[in-house]
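Notes for the structure review
Now for the letters of each chain:
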Amino acid sequence: MADYTGGSTKADHLCVLVHGLWGNPNHMASVAKALRAQYPPEQVYILVAKRNSGSFTYDGIELGGERVCLEIEEELEKIKSAGGSIKKLSIAGYSLGGLVARYAVGLLFARGVLDNLECMNFTAFASPFLGVRTPLRGWANQIWNVLGARTLCMSGRQLFGIDRFRDTGKPLLAVLADPNSIFMSGLARFKRHTLYTNIVNDRSAVYYTTGIAKTDPYTDMSKVTVRYLQGFEDVILDPLDPVSPRPAQTTPTEPAEPLRASVEKWAKRIPFALALTLFIPLGVVAFLVNSAVQTVRSARRVKLHESGLAGINVQDFRVNLWIKEIRSAVENTYENLNSSQNQEYLLDYDDDDDDDDGEESGGEGTGLVKAAAAAAAAADGRSTGDGDRREASHKSGREILSLERKQSRQQEGGFPTLALAPYQFAAIQALDSLNWRKYPVWIHKHRHSHAAIIVRMDKPGFEEGKVVLKHWVTEEFLV
């Protein structure tokens, strides 16, 4: 990678690239090549973060962010020692790397590093800013939320939002998006915030989380009309007007498929079905065994890191997380994730319905109502106690959610609001205050769009990702 990373001492702009879960620096090779093809070594110095390679990505966003922060500081000192002078900073994170980069930015802000730099671009490629828990119903999704969170060590717990970060009592993802945190203050320093989000076939990080959205209009592409960005057709959608519902059409009934053709069709699927029957159980067992091994190894690395024996003086990075010493009581209203995992979309509430009826009918949305009620009560300096005040708070919470749904439908094309957790709705509101430039991406030629979006390797079908990278370096990247 030496041919397209590094740079000249004449360069005044440092761009840092951070790979994702299970990743390594080579995953960012195409991103670095695209950047170097557009900007010479004398203009942009490229650093591909290395300390979180492979299984080290299991160790969590916090530890990963500390490693990247140290790596950036060391690179700045190295350039300075060679006679260079970096005045501008850009960071691009891919997948989990986007979250690790946000944590590192907070540390750089708290340590005063950003005071001497002009923060230019913060870019995220398919980064799950809202985590990876699924808001969908069904036993398979429940299993995913439970087991997935416990098979990726600390990173898994944080991505699924079941951790409690330090003494905050909140998931790390909630802390990262807290308006009063060093992480949001550091992120706000950047002149441009850009994200690229896959709209289909990204099972690692689905649209709602990488697009920082309350809805997912792309669950059935046959029901929507998409509009592309001029010059980047068939890959990048128009960020200002990407999609709209397609009017329902009646189609003539097709003749029944001949019996012979139907039999031949299913006969061709038999080998595939047999392969699934054999390999899926073996693959699941191997994955769980590997997860157990990696959990033990990760725990050891974290213990060494915490004791200062991993090459990093951890106390240097355990800075105060908050900009304001006194925080709003609303910050304590984040509830358990299970409160909103039993539904796919938020239900519409009739203002005349009795509160108890909603709970007796299955309790769908009740957790969100209580969370909103607690937030409303805390904001007014009241307690959610018994009697009239409790009733008023509950109704206030329902009003908040009703307004939330109406605004969402107006702002996001009338598509239904996903049943996200309270901290995820709060994160969307906080992150959207930074005016992200959001580019939906439709990868057609390969079903592994998570890897294709950055051309993670030279592979047939990944070439559409080069269109994404071209757009980033030519249209979005501020020099």
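Note that the coordinates shown come from a computational prediction; the quantities given were computed from them, not determined experimentally. (Residues numbered from 1 in each chain as written. Predicted model: local features only at pLDDT ≥ 70, side-chain atom pairs only at ≥ 80, totals over all residues. Heavy atoms only, no water.)

What follows deals with the overall build of the protein chain. Check the secondary structure of the protein chain and you find 15 helices and 8 strands. Within the protein chain, the fraction of its 479 residues that count as buried is 51%. Within the protein chain, counting contacts between residues at least 6 apart in sequence, those at least 24 apart form 76% of the total. Of the accessible surface of the protein chain, which amounts to about 23100 Å², a share of 53% is contributed by carbon and sulfur atoms. (Helix = DSSP H or I, 4+ residues; strand = E, 2+ residues; numbered from the N terminus. Buried < 20%, exposed > 50% of the residue type's maximum accessible area, 1.4 Å probe, protein only. Contact = heavy atoms within 4.5 Å. Areas by Shrake-Rupley, 256 points an atom, 1.4 Å probe, with all protein chains shown as cover.)

Counting 66 residues, the largest nonpolar core has Leu14, Ile72, Leu89, Ile91, Phe122 and Trp436 as the members making the most contacts within it. If one sorts the elements of this core by residue count, helix α3 (residues 96-110) sits on top with 10 residues. Core analysis: the second largest hydrophobic core is formed by 36 residues, Ile46, Ile443, Leu469 and Trp472 among them. (Core = buried A, V, L, I, M, F, W, Y, C linked by side-chain atoms within 4.5 Å.)

Turning our eyes to something else, we now look at the pairing of strand β3 (residues 88-94). Of all the 7 residues making up β3, 7 are buried; the element is thus mostly covered by neighbouring parts of the structure. Of the two faces of β3, the one carrying Lys88, Ser90, Ala92 and Tyr94 and the one carrying Leu89, Ile91 and Gly93 are both buried. Bridge count between strand β1 (residues 13-18) and β3: 6 bridges; the pairing is parallel. Of the residues in β3, the one forming a bridge with Cys15 is Ser90. Taken together, β3, α3 and strand β4 (residues 118-125) constitute a β-α-β crossover, and its handedness is right-handed. (Pairing = 2+ DSSP bridges. Right-handed = clockwise from strand over helix to strand, strands pointing away.)

For the coordinates displayed, the defined rule picks out 11 aromatic pairs. Pairing Tyr39 with Phe477 gives two aromatic rings, centres 5.4 Å apart and planes at 40 degrees, and the pair type is tilted. With Tyr39 in the loop between α1 (29-38) and β2 (44-48) and Phe477 in the segment after α15 (464-476), this pair connects stretches of sequence that are 438 residues apart. Taking the centre distance of 5.4 Å and the plane angle of 80 degrees together, the rings of Trp472 and Phe477 count as edge-to-face. Of the residues examined, Phe477 reaches a relative accessible area of 6% and is grouped as buried. Through a chain of ring-to-ring contacts, three or more aromatic side chains come together here, namely Tyr39, Phe125, Tyr196, Tyr439, Trp472 and Phe477. (Phe/Tyr/Trp six-rings, centres within 6.5 Å; stacked < 30°, edge-to-face > 60°.)

Of all residues in the protein chain, 62% attain a pLDDT of 70 or more, and the chain-wide mean is 77. Segment residues 347-397 is flagged for pLDDT under 50; beyond a separation of four residues in sequence, or across chains, it makes 68 contacts in the model. (pLDDT = per-residue confidence, 0-100.)

Here the focus is the pattern of salt bridges. One pass over the full model with this rule turns up 12 salt bridges. In this structure, the salt-bridge partner of Lys170 is Asp178, at a minimum N-O distance of 3.0 Å. For Lys170, a relative accessible area of 4% gives the class buried. Between Asp220 and Lys223 there is a salt bridge, with its nearest N and O atoms 3.9 Å apart. Residue Lys223 is classed as exposed on the basis of its relative accessible area, which comes to 55%. (Salt bridge = Lys/Arg side-chain N within 4 Å of Asp/Glu carboxyl O.)

Between two packed helices, both the angle of their axes relative to each other and the distance between the axes serve to describe the pair. Viewed as axis vectors pointing N to C, α1 and α15 meet at an angle of 40 degrees, and their least axial separation amounts to 9 Å. Put simply, α1 runs oblique to α15. Crossing handedness for the pair α1 and α15: right-handed. For the pair α1 and α15, contact is made by Ser30, Val31, Ala34, Leu35 and Gln38 and by Leu469, Trp472, Val473 and Thr474, respectively. Looking at the contact of α1 with α15, its residues break down into 6 nonpolar, 3 polar and no charged. (Axes fitted to C-alpha atoms, helices over the stretch in contact; angles between N-to-C directions. Parallel < 35°, antiparallel > 145°, perpendicular 65-115°, else oblique. Left-handed = near helix turned anticlockwise from the far one by under 90°. Nonpolar A, V, L, I, M, F, W, Y, C, P; charged D, E, K, R; others polar.)

Quick look at the packing of helix α2 (residues 61-81) against α3 now. Running from N to C, α2 and α3 point in directions that differ by 60 degrees, and their axes come no closer than 8 Å. Considered as vectors, α2 and α3 are oriented oblique to each other. Here the hand of the crossing between α2 and α3 comes out right-handed. Every residue of α3 that contacts α2 at Ile61, Glu62, Gly64, Gly65, Glu66, Val68, Cys69, Ile72 and Glu73 is listed here: Leu96, Leu99, Val100, Tyr103, Ala104, Leu107 and Leu108. Here the contact of α2 with α3 is built from residues that sort into 11 nonpolar, 2 polar and 3 charged.

This part takes up α1. In terms of burial, α1 is largely enclosed, as 7 of its 10 residues are buried. All buried positions along α1 are accounted for by Ala29, Ser30, Val31, Ala32, Ala34, Leu35 and Arg36. In the core, the buried residues of α1 are packed alongside β1, β2 and α15.

Glancing now at the sheet that holds β3. A sheet is described by the order of its strands in space; here 6 strands give the open sequence β2-β1-β3-β4-β5-β8, paired in parallel fashion. Each edge of the open sheet is held by one strand with a lone partner, namely β2 and β8 (437-441). Going from strand to strand, the sheet's axes swing by 15 degrees on average, the running direction of each strand aside. Pairing between β4 and strand β5 (residues 192-198): 5 bridges, direction parallel.

This part covers the environment of Thr168. Among the structural elements, Thr168 can be located in the loop between α5 (153-159) and α6 (172-176). The sequence separation of Thr168 and Leu321 amounts to 153 residues, and the corresponding C-alpha distance is 9.8 Å. A distance of 2.6 Å separates the side chain of Thr168 from the backbone oxygen of Phe165, its partner in a polar contact. (Polar contact = N/O pair within 3.5 Å; in protein donor to acceptor, adjacent residues only side chain to side chain.)

Let us look at the pairing of β4. Summarising burial for β4: 7 of the 8 residues are buried, a large majority. Here β3 runs beside β4; their pairing, made up of 6 bridges, is parallel. Bridge assignment links Leu89 to a residue of β4, and that residue is Cys119.

Moving on to the side chain of Gln424. Examined against the element boundaries, Gln424 turns out to sit in helix α13 (residues 422-432). Among the polar contacts made by the side chain of Gln424, one reaches the main-chain carbonyl oxygen of Leu130 at a distance of 2.7 Å.

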